[in-house]
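Summary of structural features
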Amino acid sequence: MWYTRKQFLTSTLFTSATRLVQQINLKYNSSCTYNMNEAYLRFGKGQETFEFTFRYIDQDLKIDRQFNFQRKASEPVSSFLKRVDVNVGKIISKKKIKKFKKQKKNQETKEDSDDEIQKSMEISLLRNEITIDDDTPCEIAFQNVSQLTLKICESKFSIKQNVPWIEVISLPQSILVGFPTYPSKFLTSFTNIQNSNFTWYKNLLSSTPNKPPVWKEIGKGYFYIPKSDDMGYKLKMSCIPGNEEQIGPCTEIVSPNLVEAGPGRCPFEDRHEFAKNKLTNNSFRVMSYNILADTYADSDYSRGVLFPYCPPYALHIDYRKQLIIKEIIGFNSDIICLQEVDEKIYTSDYEPTLSILNYDSVFNRKGAEVVEGLCTFYNKKKFEKLDFDSVIISQNLDLENFKSTWEKIENEKTKIRFMERNTSVQVTTLKFKENPSEILIVGNTHLYFHPNADHIRLLQGFFAVKYVEHIANKFKEQNPDLNVNLILCGDFNSIPECGIYQLMTTGFVPNDFKDWNSFPEEAVTNISLSQNIQFASACGTPEYTNYTVDFSDCLDYIFYQTERLEVEQVIPMPSNEELALHIAIPSVVFPSDHISLCADLKLKNI
């Protein structure tokens, strides 16, 4: 049967995934270094609350403490300062009592020690050295913070507002030799990754008990690829967050686990040999890849039924995403169309990591209740995004040139099944920066999977090509002097013998084509399909683009407009022996049950 791994969506055997990360109590050792003479205010116009942070140091009392406050912006300065007084004063009093007891024990107590302990702190908020009135609301007082100073005893703090700030940062639990590692969580305010400074270290283990670790610098940048001599050590990353105007306080984070051995050389690394460099001028490289969503890979059903041959750790997203990112990066593609992209992983992993490498991206979920969707990355150095559109097919049946076909369908069961699908299409309109008169319209889709649904897929594929054509025609009407080039990528869940491939490559599917009767109860009659764009498959029809225990065949395609584009190179596919080495895929060296497609295309006659 086809597409077996996805059938668990409707199976009674399906159970909620039990995440490995929920079974482990991770302890992240992180610390932030704040400048001792600066206080940090996070507050914007119209906000009801503000956050205030500073580091108080008193060497005589041996105090080095960070204080954090969240207060209402409307409260008077006196209320805010009283809270600061209480929190800081509590620490100072404890330290003074401890010091007093030590002095008394050593008979060094002064007569006024009790008075010193009870003495109130001097604390004030100053503007240009003039004390701000106690009744002034904080939201008023915090205007023009460059003129403000917070005074606590003898310490003075200049106030910095909305500096780059790290809210949450952590390193992944799985770090493999030879594969990119980067923050698994990196939540910030007022920060751009590109303007931030990242430094990596490894822990040189000490044999001396209770001796602090010694850290050796080993790399720079948002992500680091561990080397073989890093294996068995913990890593530390320090980050100085920044933006175009200023930098914030440095934060350090230590990995929860040691660097482990990777799986060795993966088959996709051999394919990388054909894509070592970025393409130039009128050539561009396109990649299409169903990366297997975490929601389908890491569950009791997938581990026990779909992929029982695959070690559970190799199905976990913390392991797979390292392979996926390395595979994507190594192809040096200009266009990357991904399917089955978990929104959470896109946000925390794919988008920030690839943005460092000059990719921008678009993402859409396949409906409100679906956690995965489609994503298209593009090389910002080569392309400028002009527009982005996405639709859920079943919610847009009035599409030009599709509506008339839909209205001819008489089988109500077919219509109901079609309407129940959340299949989507996204279209990104890009302009070549080196040739501004050339436009590339990139379609990306993932069609319905069920083995008895060729008729549903055929209608979905017809919608997809008509939607791409609709976007292209609308753009040409508005920009008649520009040349429009089309590609349509994705997991079509359709083998070459089925109607979608014929529709795309010949432009026509007759009303008696076998797909219309793929499920007799939902047979479609008296419907033929046609489309006018001359498409071809850039990678041809590989023997396999999907390789599982129960099914293997060609399901994925990069369709390109032949009158506007030509193929310069097809990146070779992995061998059958490589695919079968671990029975099927996914495996320890293949992070998905699909194989990525990659081809070099070129604008014709330019």
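A brief structural summary.

Cut-offs applied
- Residues numbered from 1 in each chain as written.
- Predicted model: local features only at pLDDT ≥ 70, side-chain atom pairs only at ≥ 80, totals over all residues.
- Heavy atoms only, no water.
- Helix = DSSP H or I, 4+ residues; strand = E, 2+ residues; numbered from the N terminus.
- Buried < 20%, exposed > 50% of the residue type's maximum accessible area, 1.4 Å probe, protein only.
- Contact = heavy atoms within 4.5 Å.
- Areas by Shrake-Rupley, 256 points an atom, 1.4 Å probe, with all protein chains shown as cover.
- Lys, Arg positive; Asp, Glu negative; His and termini not counted.
- Charge placed at Lys NZ, Arg CZ, Asp CG, Glu CD.
- Expected span 1.5 Å × (residues − 1).
- Pairing = 2+ DSSP bridges.
- Axes fitted to C-alpha atoms, helices over the stretch in contact; angles between N-to-C directions.
- Salt bridge = Lys/Arg side-chain N within 4 Å of Asp/Glu carboxyl O.
- 1 Å grid on protein atoms, 1.4 Å probe; cavity = no way out; pocket = protein on both sides within 12 Å on 5 of 7 lines; lining within 4 Å.
- Points joined across faces, edges and corners; volume = space filled by probe spheres on them.
- Nonpolar A, V, L, I, M, F, W, Y, C, P; charged D, E, K, R; others polar.
- Polar contact = N/O pair within 3.5 Å; in protein donor to acceptor, adjacent residues only side chain to side chain.
- Phe/Tyr/Trp six-rings, centres within 6.5 Å; stacked < 30°, edge-to-face > 60°.
- Lys NZ or Arg CZ within 6 Å of the ring centre and 35° of its normal.
- Parallel < 35°, antiparallel > 145°, perpendicular 65-115°, else oblique.
- Left-handed = near helix turned anticlockwise from the far one by under 90°.
- Patch = residues over 30% accessible without salt bridge, like charges linked within 9 Å, V, L, I, M, F, W, Y side chains within 5 Å.

**Here we look at the overall build of the chain**
Broken down by element type, the chain carries 15 helices and 30 strands. Split into buried and exposed, the 606 residues of the chain put 55% on the buried side. When contacts within the chain are restricted to residue pairs at least 6 apart in sequence, long-range pairs at least 24 apart make up 71% of them. Of the roughly 27600 Å² of accessible surface on the chain, a fraction of 46% belongs to carbon and sulfur atoms. With 69 positive and 78 negative side-chain charges, the chain shows a spacing of 8 Å between the two charge centroids.

**Some points on helix 9 (residues 317–330)**
Since the α-helix advances by 3.6 residues per turn, residues separated by three or four positions end up pointing in the same direction. Its 14 residues place the ends of helix 9 19 Å apart at the C-alpha level, agreeing with the 20 Å of an ideal helix rising 1.5 Å per residue. In terms of burial, helix 9 is a largely internal element, 13 of the 14 residues being buried.

**Section: the sheet that holds strand 18 (residues 372–379)**
Sheet architecture is open: 6 strands sit in the order 17-18-16-15-30-29, paired in mixed fashion. Whereas interior strands pair on both sides, the edge strands pair on one side only; in this sheet they are strand 17 (359–365) and strand 29 (565–570). Adjacent strand axes in the sheet meet at a mean angle of 25 degrees, parallel and antiparallel pairs treated alike. In this structure, strand 15 (residues 283–290) lies alongside strand 30 (residues 597–603), joined through 6 bridges in antiparallel fashion. When the sheet's bridge partners are listed, Phe284 is paired in strand 30 with Leu601.

**A few points about the pattern of salt bridges**
Applying the stated criterion across every chain, the model contains 24 salt bridges. Between Lys156 and Glu129 there is a salt bridge, with its nearest N and O atoms 3.3 Å apart. Of this pair, Lys156 sits in strand 8 (residues 155–161) while Glu129 sits in the loop between strand 5 (123–127) and strand 6 (130–131), and the two are 27 residues apart along the sequence. With a closest N to O distance of 3.0 Å, Glu522 and Arg417 form a salt bridge. Pair noted here: Glu522 is in the loop between strand 23 (508–509) and strand 24 (529–530) and Arg417 is in helix 12 (residues 412–419), with a separation of 105 residues, a long-range link. For the pair Glu522 and Arg417, a shared accessibility class is recorded, and that class is buried. Counted as one network, the salt bridges with shared partners bring together Arg265, Asp270, Glu273 and Lys276.

**Concerning unusual backbone geometry**
Of note, the bond from Ile585 into Pro586 is cis; its omega dihedral lies within 30 degrees of zero at 10 degrees. Relative to the elements of secondary structure, Pro586 occurs in the loop between helix 15 (576–580) and strand 30. The backbone of Cys153 shows a phi angle near 55 degrees, a positive value even though the residue is not glycine. As for its position among the elements, Cys153 is in the loop between strand 7 (148–152) and strand 8. A positive phi angle, close to 50 degrees, is found at Asn493, a residue other than glycine. Here Asn493 shows up in the loop between strand 22 (483–491) and helix 14 (499–506).

**What about empty space enclosed by the protein?**
Evaluation of the coordinates by the stated rule reveals 3 cavities of 30 Å³ or more. Approximately 50 Å³ is the volume found for the second largest cavity. As for the second largest cavity, its lining consists of Pro267, Phe268, Arg271, Tyr289, Glu327, Pro574, Phe590, His594, Ile595 and Ser596. Per-element tally for the lining of the second largest cavity: the top contributor is helix 5 (residues 267–272), with 3 residues. Residue classes in the lining of the second largest cavity are distributed as 6 nonpolar, 2 polar and 2 charged.

**Re the side chain of Thr136**
Relative to the helices and strands, Thr136 is located in the loop between strand 6 and helix 4 (138–141). Given a relative accessible area of 18%, Thr136 falls into the buried group. Looking at Thr136, its side chain comes within polar contact range of the main-chain oxygen of Asp133, at 3.1 Å. Each residue touching Thr136, except ones within four places of it in the same chain, is listed here: Glu75, Pro76, Val77 and Ala141.

**Re the packing of aromatic side chains**
In total, this model carries 38 aromatic pairs according to the counting rule given. A centroid spacing of 6.2 Å and a plane angle of 85 degrees characterise the contact between Phe284 and Phe383, whose relative ring orientation is edge-to-face. Here Phe284 is found in strand 15, whereas its partner Phe383 is found in strand 19 (residues 383–392), with 99 residues between them in sequence. Summarising the burial analysis for this pair, Phe284 and Phe383 share the class buried. The positively charged end of Lys326 is found above the aromatic ring belonging to Phe179, 4.4 Å away from the centroid.

**Some details on the packing of helix 9 against helix 10 (residues 343–356)**
The relative placement of two packed helices is expressed as an angle between their axes plus a distance between the axes. As a packed pair, helix 9 and helix 10 sit with axes 11 Å apart at the nearest point and diverge in direction by 30 degrees. In terms of orientation, helix 9 and helix 10 fall into the roughly parallel class. Between helix 9 and helix 10 lies a crossing whose hand is right-handed. Counting all contacts with helix 9, which are made through Ile317, Lys321, Ile324, Ile325, Ile328 and Ile329, the residues of helix 10 involved are Ile345, Asp349, Tyr350, Thr353 and Leu354.

**Observations concerning a positive patch on the surface**
A cluster of like positive charges, contributed by Arg65, Lys82, Arg83, Lys90 and Lys94, occupies part of the molecular surface. Considering every element that reaches the positive patch, the biggest residue donor is helix 2 (residues 77–105), with 4 residues. The residue Lys90 is located in helix 2 in this model.

**Concerning the pairing of strand 17**
Most of strand 17 sits inside the fold, with 5 of its 7 residues counted as buried. Here 7 bridges tie strand 17 to strand 18, and the two strands are oriented antiparallel to one another. In the sheet register, Asn364 faces strand 18, and the bridge partner there is Leu374. Turn length for the strand 17-strand 18 hairpin, with the two strands adjacent in sequence and antiparallel, is 6 residues, and the turn residue Gly367 shows positive phi of about 105 degrees.

**Quick look at the environment of Ile130**
Structurally, Ile130 can be placed in strand 6. The exposed category is assigned to Ile130, whose relative accessible area is 58%.

**Regarding the side chain of Asn243**
Among the structural elements, Asn243 can be located in the loop between strand 13 (235–240) and strand 14 (250–254). Asn243 sits in the buried class, given a relative accessible area of 17%. For Asn243, the side chain forms a polar contact with the main-chain nitrogen of Gln246, separated by 2.9 Å. Those residues within four positions of Asn243 in sequence are excluded, and the remaining contacts are Pro164, Phe190, Asn192 and Asn195.

**Observations concerning the environment of Cys598**
When you line up the elements, Cys598 lands in strand 30. Along the chain, Cys598 and Glu384 lie 214 residues apart, while their C-alpha atoms are 21 Å from each other. Residue contacts for Cys598: discarding those within four places in its chain leaves Arg271, Arg285, Val286, Met287, Phe331, Ser333, Cys539, Ile558, Val570 and Ile571.

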